[in-house]
Amino acid sequence: MKKYYSVPLLVSLAVLCASCSTVPLTGRSQLTFMPESQMVTMAVSQYEEVKNTTPISANKGQTAMVKNAGDRISRAVEEYMKANGMGDRIKHFQWEYNLFEKDEANAWAMPGGKIAFYTGIMDVCENETGVAVVMSHEVAHVVAKHGSERYSQNILAAAGGLAVGAATKDSENQAAWLAAYGVGANVGVLLPYSRHHESEADRMGLIFMAMAGYDPHAAVDFWKRMSDLSAGQSPPELLSTHPAHETRIERIQEALPEALKYYRKP
């Protein structure tokens, strides 16, 4: 015999399993539905799959820059978290940084400190300080648990879609209602949250790289180079997961005075 669960019940169960926390440095409250330990376990498995399917770069010089920047920034983060009573937030982390052979100007991170650079971004970075700009941004994403937060937002968005479907099941316009909900949830909620995560990671990243002894001013030049690389081909900010380059550079410049308070000159 099949069991059917109402949307409110499913949402209630998710909320009961949720945990509240505060993002370091920014103080923003966040709600997540999956334990960080479980997110890390999933990330480790997925990261290993990437390593098995994507060639790791043989460029020793560039690989050394990635690993050195990662080590310096993660050590600075660990010192800060422990000194401020937030060590438990990163207790499941297993830091790992790899440079993959892929001609794409990109880098990404998974929960638990699994970070990937593509060789295509190394020319944009130019040097280790440029690498540190990107590395600190990705480290900030995992420290802020943005992956867990996005997962939780998608759960709520899916639950909302089920609710709309149930409410309009007898309507001949159900498809239109569902389409409208999908666009509204994406443009009105999910994309703005994603852009906020990017801006938050930029701000935190500036501080993290400063703690590790890298000059945060380098972030402005890096994002100007990224803007030149896109050559005006980026989608409108409203429809993008990332802030427009101009917006990003402006916010980074505004955040520099705060980051410089943490700057430890090597």
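Presented here is a report on the structure given in the accompanying data block. This structure is a prediction, so every number in the text was calculated from the model and none was measured.

Conventions and cut-offs
Residues numbered from 1 in each chain as written. Predicted model: local features only at pLDDT ≥ 70, side-chain atom pairs only at ≥ 80, totals over all residues. Heavy atoms only, no water. Pairing = 2+ DSSP bridges. Helix = DSSP H or I, 4+ residues; strand = E, 2+ residues; numbered from the N terminus. Axes fitted to C-alpha atoms, helices over the stretch in contact; angles between N-to-C directions. Contact = heavy atoms within 4.5 Å. Core = buried A, V, L, I, M, F, W, Y, C linked by side-chain atoms within 4.5 Å. Buried < 20%, exposed > 50% of the residue type's maximum accessible area, 1.4 Å probe, protein only. Salt bridge = Lys/Arg side-chain N within 4 Å of Asp/Glu carboxyl O. Phe/Tyr/Trp six-rings, centres within 6.5 Å; stacked < 30°, edge-to-face > 60°.

Attention now moves to the sheet that holds strand β5 (residues 114–118). Pairing is mixed across the open sheet formed by three strands, whose spatial order is β3-β5-β4. The sheet terminates laterally at β3 (96–100) and β4 (107–110), the two strands that pair on one side only. On average, each strand axis in the sheet is inclined to that of its neighbour by 15 degrees, with strand direction left out of account. Packed onto the sheet, helix α2 (residues 36–53) meets β3, β4 and β5 and runs at close to 30 degrees relative to β3.

A separate point is the nonpolar core. Grouped together as the largest cluster of nonpolar side chains are 51 residues, with contacts concentrated most on Ile73, Phe117, Met135, Val139, Val143, Phe208 and Phe222. If you list the elements that add at least two residues to this core, you get α3 (60–83), β3, β5, α4 (122–125), α5 (128–143), α7 (174–211), α8 (218–230) and α9 (245–260). Per-element tally for this core: the top contributor is α5, with nine residues. Listed in part, the eight residues of the second largest apolar core include Ala43, Trp108, Met110 and Ala116.

Let's shift gears to unusual backbone geometry. The residue Leu25 is not glycine, and still its phi comes out positive at about 70 degrees. Along the chain, Leu25 turns up in the loop between β1 (19–22) and β2 (29–32). Positive phi is not limited to glycine here, since Glu126 has a value of about 75 degrees. Of note, Glu126 is situated in the loop between α4 and α5. Under the relative-accessibility criterion, Glu126 is labelled exposed at 53%.

What follows is about the pairing of β4. Pairing of β4 with β5 involves four bridges; the strand directions are antiparallel. Paired with Met110 across the bridge in β5 is Lys114. Taking the residues between adjacent antiparallel strands as the criterion, β4 and β5 are bridged by three residues, where Gly112 takes a positive phi near 90 degrees.

Here we take up the environment of Ile207. Inspection of the secondary structure puts Ile207 in helix α7. Sequence-wise, Ile207 and Lys261 are 54 residues apart; in three dimensions their C-alpha atoms are separated by 8.4 Å. Not counting residues up to four positions away in its chain, the partners in contact with Ile207 are Leu25, Glu258, Ala259 and Tyr262.

Under the definition given, this model contains 10 salt bridges. Residue Glu96 pairs with Lys51 through a salt bridge whose shortest N-O separation is 2.7 Å. With Glu96 in strand β3 and Lys51 in helix α2, the pair connects residues that are 45 residues apart, well separated along the chain. The buried category is assigned to Glu96, whose relative accessible area is 16%. For Lys51, a relative accessible area of 25% puts it in the partly exposed group. What you see here is one network of salt bridges that share partners, running through Glu48, Lys51, Glu96 and Lys114.

Before going further, it helps to examine the environment of Met34. By the element assignment, Met34 lies in the loop between β2 and α2. Among the residues examined, Met34 registers a relative accessible area of 10% and is labelled buried. Sequence separation of Met34 and Tyr151 is 117 residues, and the distance between their C-alpha atoms is 8.2 Å. If we ignore the near neighbours within four places in the chain, the residues touching Met34 are Met39, Met42 and Tyr151.

Okay, the packing of aromatic side chains next. Tallied over the entire structure, the rule returns five aromatic pairs. When the centroid spacing of 6.3 Å and the interplanar angle of 75 degrees are considered together, the rings of Tyr47 and Phe100 count as edge-to-face. With Tyr47 in helix α2 and Phe100 in strand β3, this residue pair connects regions lying 53 residues apart in the sequence. Ring geometry for Phe93 against Trp95: centres 5.3 Å apart, planes inclined by 80 degrees, an arrangement best described as edge-to-face. Here the two residues Phe93 and Trp95 agree in accessibility, since each one is buried. A connected cluster of aromatic rings, assembled from ring pairs, spans Tyr47, Phe100 and Trp108.

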